[in-house]
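Results of the structural survey
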Amino acid sequence: MSDRHPKTSKKWVANVVKRKLLDKPTYRASEMMRDIRRDYGITIPYHQAWWGKEVAVNSLYGDFRTSYHMLHWYSKCALQSNPGLILYLEVYPETQHFKCYFICFKASAYGFEVTSALNGNNELFTVAYSIADSETYDNWVWFLQNLKRALLSDRRIAFLSDRGKVLKEAIPDIFPNGHHGYCFQHIMQNFNDQCAGNMPPLSRNYLEKSSSTLPILSLNKSTKTQ
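Residues numbered from 1 in each chain as written. Predicted model: local features only at pLDDT ≥ 70, side-chain atom pairs only at ≥ 80, totals over all residues. Heavy atoms only, no water.

The name given to the chain in an unreviewed UniProt entry is MULE transposase domain-containing protein, with Colocasia esculenta as the source organism.

In structure tokens, the structure reads:
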């Protein structure tokens, strides 16, 4: 098959990548170009991959404007059906454009008080969710302030993160008695990536046994914060 094909429209690209986008919402246009070249022997330009992704995303999830309006509907329904829910939606006053969103269910706040960092399935216990337009000091402070309001006690907490500089600065300003550490998984991943090898078993065992007795809050840079 030739490198270019006249029928590789953005709709064709959208149909090809739609299933992949369901499994991986962060699927990039450059990755689409690579995979289409590998699987179909066709080279498509970047703008075609980008527009194909836009068509696929709109088909799967609707357009961003509609989704934003649904956020207001969801917030109203969530507050009505979940007594004790802590929810904040912040927008830019000049434009009414989205800025930050925070949500913490009362059951999650209570669960964090009676557990540590893991749930009954040995998975991270989700305390709150937050979405922001960018990762800045002000946005992290906003999140941490809302988290502090949502928690049911002022006990000391150990925060784990992936070494984000602004988060490291924000935590002591809002939780002066808390502790901040780095996520072991990220440390291991960075070590393997940068040293092109695995950590010696002795060192790995030592690090795995080093844990805090404080309740742990792991902060992941995704759509949810645990």
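1. Re unusual backbone geometry
You will see that Gln96, though not glycine, has its phi angle at about 65°, which is positive. Judged by relative accessible area, which is 46%, Gln96 ranks as partly exposed. (Buried < 20%, exposed > 50% of the residue type's maximum accessible area, 1.4 Å probe, protein only.)

2. Concerning the packing of helix α2 (residues 29-40) against helix α3 (residues 46-61)
The N-to-C vectors of α2 and α3 enclose an angle of 105°; their axes lie 8 Å apart at closest approach. Between α2 and α3, the interaxial angle falls into the category roughly perpendicular. Taken together, the residues of α3 that come into contact with α2 (itself represented by Ala29, Ser30, Met32 and Met33) are Tyr46, Ala49, Trp50 and Lys53. Of the residues in the contact of α2 with α3, the class split is six nonpolar, one polar and one charged. (Axes fitted to C-alpha atoms, helices over the stretch in contact; angles between N-to-C directions. Helix = DSSP H or I, 4+ residues; strand = E, 2+ residues; numbered from the N terminus. Parallel < 35°, antiparallel > 145°, perpendicular 65-115°, else oblique. Contact = heavy atoms within 4.5 Å. Nonpolar A, V, L, I, M, F, W, Y, C, P; charged D, E, K, R; others polar.)

3. Here's the deal with helix α7 (residues 165-174)
Of the residues making up α7, those classed as buried are Leu167, Ala170, Ile171 and Ile174. When α7 is viewed along its axis, its buried side chains cluster within an angular range of 105° and face the same direction. Where α7 is buried, its residues contact α6 (137-150), β4 (158-161) and β5 (179-182). (Arc of directions from axis to C-beta.)

4. A look at the nonpolar core
Phe102, Leu144, Leu147, Leu151, Phe159 and Phe175 are the most contacted members of the largest nonpolar core, which totals 22 residues. For this core, the secondary-structure elements that each account for two or more residues are β2 (98-104), α5 (106-114), α6 and α7. In this structure, Phe102 is in contact with Ile86, Leu87, Tyr88, Ala128, Tyr129, Ser130, Trp142, Phe143, Asn146, Leu147 and Ala150, ignoring residues within four places of it in sequence. In this structure, Val13, Ala14, Ile42 and Val57 belong to the second largest nonpolar core, which totals 13 residues. (Core = buried A, V, L, I, M, F, W, Y, C linked by side-chain atoms within 4.5 Å.)

5. Digging into the confidence of the model for the chain
It should be kept in mind that the predicted coordinates are not to be read in detail where pLDDT is low. Confidence in the prediction of the chain, expressed as mean pLDDT, is 80, and 76% of residues score 70 or more. Mean pLDDT values for the elements of the chain range from 38 in strand β7 (residues 224-225) up to 94 in α6. Counting contacts from residues 222-226, a segment whose pLDDT is below 50, to residues more than four positions away or on other chains yields 25 contacts. (pLDDT = per-residue confidence, 0-100.)

6. Let's talk about the pattern of salt bridges
Pairing between side chains of opposite charge can happen when the charged atoms of each approach one another. On inspection of all chains with the given rule, the structure shows seven salt bridges. Note that Glu31 is salt-bridged to Arg28, the shortest N-O span being 3.9 Å. Accessibility expressed as a relative area gives 10% for Glu31, which makes it buried. Here Asp35 and Arg34 are joined by a salt bridge, their closest N and O atoms 3.0 Å apart. (Salt bridge = Lys/Arg side-chain N within 4 Å of Asp/Glu carboxyl O.)

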